[in-house]
Amino acid sequence: MDTALINYTLHLADNALILGHRNSEWCGHGPILEQDIAVSNIALDYIGQARNFYQYAATLINQLPADRQHQLLSFDAAEVTEDTLAYLRDVPAFKNLLITELPNGDWAQTTLRLFLFSTWQYYCYQQLQYSQDTQLAAIAAKALKEVTYHVKWSGEWVIRLGDGTEESKRRLLLAIEELADFTGEFFAMSEYEKALLPANIAVNLDSVKTAWTNKVTGVLEEATVALPPGKWFQSGGKQGIHTEHLGYILAEMQFLQRAYPNATW
Amino acid sequence: MTATPAISIQQIWSILETVNDPEVPVLSVLDLGIVREVKMENRLAEIVITPTYTGCPAIDAISMNIRMALLQQGITPVRITQVLSPAWSTDWMTEQGKQKLKAYGIAPPVGRSIQEQDLEEIAVQCPQCNSWNTRLVSQFGSTSCKALFQCNDCKEPFDHFKCH
């Protein structure tokens, strides 16, 4: 079994779990009730996606010999499950994009991040639903419908804030400044993605980039703002090199399973 | 130990008619269109279901309710299999299900399943006063499958089961 497919599936899962966790931090803190519910619902969609990808990754990992498993997880597990992958891996094993782990910031940063990410996810899943890997294709086809709503909801917020008051625009501009350097990583192909390209398993991010840029430019224009030009970008997430923020997320998310292994309720 | 009389697949379908969605208790799992297949092999009843939404927490409860309903009728062993593909769509909801939703106060899905670029504003009818003069309050309602609307005529807020 090739580990490229496992790493790719974990990358897709980790993106969804970490951004889902970030969105869930808004639960009970949203600016108004309807938006609190919206952002929590989106979190739920992400956690659902993560579960599907983790379940698939777990099946693949369980087929590996023990030493390869250990190499991949850096710990031994009798049977790997979705929970093992979410709760017991440490920072360097996570392959999520850096943009997903950044703190929520204010509402502008939260909705802009969601718009930039969900637009990327939308075009990725559009391709992934035709992947030669039938399980990845099934998960993508299913999630694509939900992601369509995420793009619409977050895009409307970006327009509302940018084309809103002086204060809302100021905040959106700050959010753009904060997030722009993290968008280049969307399109940087990792070794495991390159390895899966010839067999038409992974998504070709070059074509996603064109569609993403068109969509994002259009919405930002409507919001009377723009992404700054720039070639340099932050990267490392896909390879397990993260910002300091991921450790804090995992500390909170994994505390219970680490302190009380196998606890259920 | 008594031998279970042979159970027909048809009987299982009628039992499934009585299993309701925990979030929208007027709809049976058949109204929702989430039961893809019922199989009987060597007295093992296999029910193939598909989740509505990826993150729908109700799917575990639904699996358990199906198992319980079949067990109560003496049907054992039961295997519940979840499949993702083809992805569930609101097109699979029965007409009867849509009527039940409306009577319950939830506006049923309008039109066809969402297509790739297709998310324009849709007209949704108020389930209380039947007015078409309604507005979207939020795309995300009390559960992820619903959007929140308000009627501009009778002023009543209501849930709309989104196209999916």
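For clarity, every value in this text was computed on a predicted model and none was experimentally measured.

S.K.: I tried to follow the overall build of chain B on my own but got confused; where do I start?
M.R.: Each helix and strand in chain B was counted, giving four helices and seven strands. Secondary structure of chain B in N-to-C order comes out as α-α-β-β-α-β-α-β-β-β-β. With the principal axes as the frame, chain B shows a C-alpha extent of 60 × 30 × 25 Å. Every one of the 164 residues in chain B was classed for burial, and the buried ones make up 34%. Look at the contacts in chain B between residues 6 or more apart in sequence, and 53% of them connect residues 24 or more apart.

S.K.: Hey, could you run me through the domain arrangement of chain B in this one?
M.R.: One frequent convention defines the size of an interface as the accessible area lost when the parts assemble. With domains assigned, chain B is organised as domain 1 (9–82) and domain 2 (92–161). Each partner contributes residues to the interface: domain 1 of chain B has eleven residues there, and domain 2 of chain B has twelve residues.

S.K.: Is there a simple way to think about the sheet that holds strand β4 (residues 106–107) of chain B in this case?
M.R.: Two pairing modes exist for strands in a sheet, parallel and antiparallel, and in both the strands are linked by backbone hydrogen bonds. Pairing in this open sheet of four strands is mixed, and the strands run β4-β7-β6-β5 (chain B) from one edge to the other. For this open sheet the edge positions go to β4 and β5 (134–138) of chain B, each flanked by a neighbour on one side alone.

S.K.: I keep staring at the nonpolar core and nothing clicks. Help me out?
M.R.: As a rule of thumb, soluble globular proteins bury nonpolar side chains together. Counting 110 residues, the largest nonpolar core has Ala13, Phe53, Ala57, Leu112 and Leu172 of chain A as the members making the most contacts within it. By residue number, the principal contributor to this core is helix α2 (residues 33–62) of chain A, which donates 14 residues. Here this core gathers at least three residues from each of two domains, domain 1 (9–82) and domain 2 (92–161) of chain B. Contacts of Ala13 of chain A, omitting those with residues within four sequence positions, involve Ala50, Phe53, Tyr54 and Ala57 of chain A.

S.K.: So what exactly am I meant to see when it comes to unusual backbone geometry here?
M.R.: Trans peptide bonds make up the majority, and among non-glycine residues the majority have a negative phi. Of note, the bond from Thr76 of chain B into Pro77 of chain B is cis; its omega dihedral lies within 30 degrees of zero at 0°. The residue Pro77 of chain B is located in the loop between α3 (58–72) and β3 (78–82) in this model. Following Ser85 of chain B, the chain continues to Pro86 of chain B via a peptide bond in cis, the omega torsion being 0°. Mapping Pro86 of chain B onto the fold places it in the loop between β3 and α4 (95–104). Not every positive phi belongs to a glycine, and Thr224 of chain A is a case in point at roughly 60°. Residue position: Thr224 of chain A is located in the loop between α10 (205–222) and α11 (245–259). With phi around 50°, Asn42 of chain B is a residue other than glycine that occupies positive phi space. Note that Asn42 of chain B resides in the loop between β1 (35–41) and β2 (44–49).

S.K.: Just checking my understanding: could you explain the confidence of the model for chain B for this structure?
M.R.: For residues with low pLDDT, the predicted coordinates do not support detailed interpretation. Scored by pLDDT, chain B comes out at a mean of 88, with 91% of its residues at no less than 70. Quick note on the complex model: pTM equals 0.92, ipTM equals 0.84.

S.K.: What's the story with the pairing of strand β6 (residues 146–151) of chain B in this structure? I'm lost.
M.R.: Across a regular strand the side chains alternate sides, sitting on one face of the sheet and then on the other. All names here are of chain B. With four bridges connecting them, β5 and β6 associate as antiparallel partners. By the bridge assignment for β6, Arg135 is matched with Gln150. Summarising the sheet, β6 and strand β7 (residues 157–161) pair through five bridges and their orientation is antiparallel. Bridging from a neighbouring strand, Phe149 pairs with Phe158 of β7. Counted between consecutive antiparallel strands, the loop separating β6 from β7 contains five residues, among which Lys155 sits at a positive phi close to 70°.

Parameters at a glance
Residues numbered from 1 in each chain as written. Chains lettered and ligands numbered in written order. Predicted model: local features only at pLDDT ≥ 70, side-chain atom pairs only at ≥ 80, totals over all residues. Helix = DSSP H or I, 4+ residues; strand = E, 2+ residues; numbered from the N terminus. Buried ≥ 20, exposed ≤ 12 C-beta atoms within 10 Å, placed from the backbone. Contact = placed C-beta atoms within 7 Å. Domains from an automatic or database assignment. Pairing = 2+ DSSP bridges. Core = buried A, V, L, I, M, F, W, Y, C linked by C-beta atoms within 7 Å. pLDDT = per-residue confidence, 0-100.

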